[in-house]
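# Chain and residue survey
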Amino acid sequence: MTRSPSRSARPLATLAAGLALALVLSTAHAQDAPAPDSTMMKLIRGLIDSGALTPEVGQALLDEARREAAARTPAAAGPALEPGDVRVPYISESVREGIREELKAEVLAQARAERWAAPDAVPEWTQRVQLTGDVRVRNESRLFSESNSTIETDWGRINAGAGYDINPNTNLDLPPLRNTRQDRNNSWRIRARLGVLAQLGEHTRAGVRLATGNDTSPVSTTQTLGGGLAKKDAWLDQAWLTWSPLPGLALTGGRFANPYWSTDILFSNDLNFDGVAARYEHALGAGGPTLFASLGLSPLEYSADNFPATSQDKQASRDKWLNGLQVGLDWGFGDDQRLRAALAYYQFRNISGEYSAPCALYAGAEVCSTDGTRPAFMQKGNTLMLLRNIALDPLDPANTPLPQYVGLASTFKLVDVNLSWETPALADHRLRLEGHWLKNTAYDPQAMWTRARGGLVTNLAAPAGATPTVADLKSGDTAWLVQGTFGDLALKQAGDWQLWLGYKHIEPDALPDGFNDSNFHLGGTNAKGYTLGAAYAFDRNVWLTGRWMAAKQIMGAPLAIDVFQLEVNAGF
């Protein structure tokens, strides 16, 4: 079996050719002119064909040899050649110097490219570390319908503060409300991420990444400009270790990118996961599909070690978790076709709210027993319940302040199906069709009503003046997305482009509202509408994107929000 030369052998071959030529040149001045088609001319042609000499230098040598041959007549050429004799031409010093410099330049260039020369010129660790990053500059407009409801409570702000007093005898102020009618045009926003990837050993890798962001929101690393030209924050976005003990198996721990194949109706594109994850891939025969599976255990919140701080009796641990398992196939077949399909199950443990034991805030108690069940981060859309069972002051029950927090009324166990098909399309472009469907199998209106003791505060549609019942709960358990993308599916080179059109439908309690896309309907659930966009690469790894998202609320008071984004993205 013929084997191609190894990487280390190629520079040695170049050096050997250079030494051979130098040996010939060193004796050239002592020899006679060559006859036509001499061995020397064949040698020069061989060096040109092998790449040891550029065509320009080689042609100069051949021309010199021919001139020397023409200048000498057969009579003056000396004794006749005997079989085996070789005549070598005289080559001037300037030509020899040019050859030496050419060989030197080629050998050094090859040494730098293949990193076999000067091994101590740079530290060894630099060959195992890679910098990655991206920058995005965006202009964004948020457009609200004039018919939107003006009573859209910002429950996240309530949970982040001291609660909202729902007793009208002690509090006449409105709760914090979201903007629902005043447009916000031409907001300039940026995103910057810088990461370091390191190959620590044969089986172990590590990564650290910093990112911008207005706050600690898990679903967005976008930073709004302005603020008096103040400096912008940078956050620890990722920090992870990955060990690959077997081919196709990767075990990751720390804070890392989404380990599941999903769309942004469930998990935002900026969302990272804490905890541990395992990923496995295995090809099912030559030309067959690739099996992939992901398993993740992600802590969402830990119970406070010292809760309640003012009590001798501390609360038992009630940690919140997201556990997920996904299995799928990735199959490339036929005329450059690609089909992906995956089935997943996600269990959100202990994230629903609980109604507290009676708490006498009037007597100096600072907390209630289930204050910790309120979400650490929420957007909007889920059905919410009051958490506190506040005891009334027996001396003045009507004027007892009732500061309340809210929690999620539903539990969440999601069955999730993803499909994607890519195929060649017109003019050497490609078409990708995507579908995503999920259902919250734990959704139960009666269980939600019982858990809340009737204290639901969102997604109710009771007649004016009537006492709400479970029949007045207007929610749902299903979400789905369809989208088509046409053009160059990966924007890498100047001139690449793509167009896409999609539709989303996300019912209020199909999924937790705290983790999905923060742009469509400005985040959360209870939204439906379409997305339309286009992107064009005007330089390598730099592209312009325009995106229009039109969405409105599915159930409850009207809330229509359109979002337009025009942005330049660059990756490295």
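Predicted model, so just to flag it, every value in this text is computed and none were measured.

### So, the overall build of the protein
Counting secondary structure elements, the protein contains six helices and 21 strands. At a minimum sequence separation of 6, the contacts of the protein that also span at least 24 residues come to 65%. Surface accessibility of the protein: about 30200 Å² in total, with carbon and sulfur atoms responsible for 59%.

### Regarding the nonpolar core
Within the largest apolar cluster, 31 residues are counted, with the highest numbers of intra-cluster contacts made by F267, Y346, F348 and L511. Elements with a minimum of two residues in this core: α5 (155–160), β8 (272–283), β11 (337–349), β12 (384–386), β14 (406–408), β15 (412–424) and β17 (478–487). Counting residues per element, this core draws most heavily on β11, at three residues. If sequence neighbours within four positions are ignored, F267 has contacts with N258, Y260, S262, F273, L322, Y346, F515 and N516.

### Regarding the pairing of strand β4 (residues 204–211)
Bridging between strand β3 (residues 184–199) and β4 involves seven bridges; their strand directions are antiparallel. Considered in β4, the bridge of V196 is made with V208. Of the strand pairs in this sheet, β4 and strand β6 (residues 235–243) are connected by eight bridges, and their pairing is antiparallel. In the sheet register, A211 faces β6, and the bridge partner there is W235.

### What to know about the pairing of strand β16 (residues 430–440)
A regular strand places its side chains on the two faces of the sheet in alternate fashion. Relative to β16, β15 runs antiparallel, the two sharing eleven bridges. What sits directly across from P424, in β16, is R430. Inspection of the sheet shows β16 paired to β17 by ten bridges, in the antiparallel sense. Note on β17: the bridge partner recorded for G435 is V482.

### What to know about the state of the cysteines
Under the counting rule described, the total for this entry stands at one disulfide. Through a disulfide, C359 is tied to C368; the S-S separation comes to 1.9 Å. Its S-S torsion of approximately 70° makes the covalent link between C359 and C368 right-handed.

### Quick word on the pattern of salt bridges
For the structure shown, the criterion picks out 25 salt bridges. The shortest N-O distance in the salt bridge between R430 and D336 comes to 2.9 Å. Of this pair, R430 sits in strand β16 while D336 sits in the loop between β10 (320–333) and β11, placing them 94 residues apart in sequence. Several salt bridges converge on common partners, so that one network encompasses R138, E140, R142, R189, R547 and E567.

### Overview of a nonpolar patch on the surface
Together, W125, V129, L131, V135, V137, W188, L194, V196, L225 and F572 make up a nonpolar patch on the protein surface, roughly 930 Å² of accessible area in all. Broken down by secondary-structure element, the contributors of at least two residues to the nonpolar patch are β1 (129–144) and β3. Per-element tally for the nonpolar patch: the top contributor is β1, with four residues. Among the structural elements, V135 can be located in strand β1. A relative accessible area of 40% places V135 in the partly exposed class.

### Quick look at the environment of T54
Mapping T54 onto the fold places it in the loop between α2 (39–50) and α3 (55–71). Separated by 52 residues in the primary sequence, T54 and E106 have C-alpha atoms spaced 9.6 Å apart. Contact partners of T54, with chain neighbours within four places excluded, come to I48, E102 and E106.

### As for the packing of aromatic side chains
Following the criterion strictly, the structure yields eleven aromatic pairs and no others. Members of the aromatic cluster, each reached through a chain of ring pairs, are Y260, F267, F273 and Y346.

### Notes on the confidence of the model for the protein
As a note on interpretation, predicted positions should not be read in detail where pLDDT is low. Here the protein shows a mean pLDDT of 88. Residues at 70 or above account for 86%. In the predicted structure, residues 1–17 sits below a pLDDT of 50 and forms twelve contacts with residues beyond four places in sequence or in another chain. This model gives residues 22–34 a pLDDT under 50, and the stretch forms 26 contacts once residues within four places in sequence are excluded.

Reading the values: the criteria
Residues numbered from 1 in each chain as written. Predicted model: local features only at pLDDT ≥ 70, side-chain atom pairs only at ≥ 80, totals over all residues. Heavy atoms only, no water. Helix = DSSP H or I, 4+ residues; strand = E, 2+ residues; numbered from the N terminus. Contact = heavy atoms within 4.5 Å. Areas by Shrake-Rupley, 256 points an atom, 1.4 Å probe, with all protein chains shown as cover. Core = buried A, V, L, I, M, F, W, Y, C linked by side-chain atoms within 4.5 Å. Buried < 20%, exposed > 50% of the residue type's maximum accessible area, 1.4 Å probe, protein only. Pairing = 2+ DSSP bridges. Disulfide = S-S within 2.5 Å. Salt bridge = Lys/Arg side-chain N within 4 Å of Asp/Glu carboxyl O. Patch = residues over 30% accessible without salt bridge, like charges linked within 9 Å, V, L, I, M, F, W, Y side chains within 5 Å. Phe/Tyr/Trp six-rings, centres within 6.5 Å; stacked < 30°, edge-to-face > 60°. pLDDT = per-residue confidence, 0-100.

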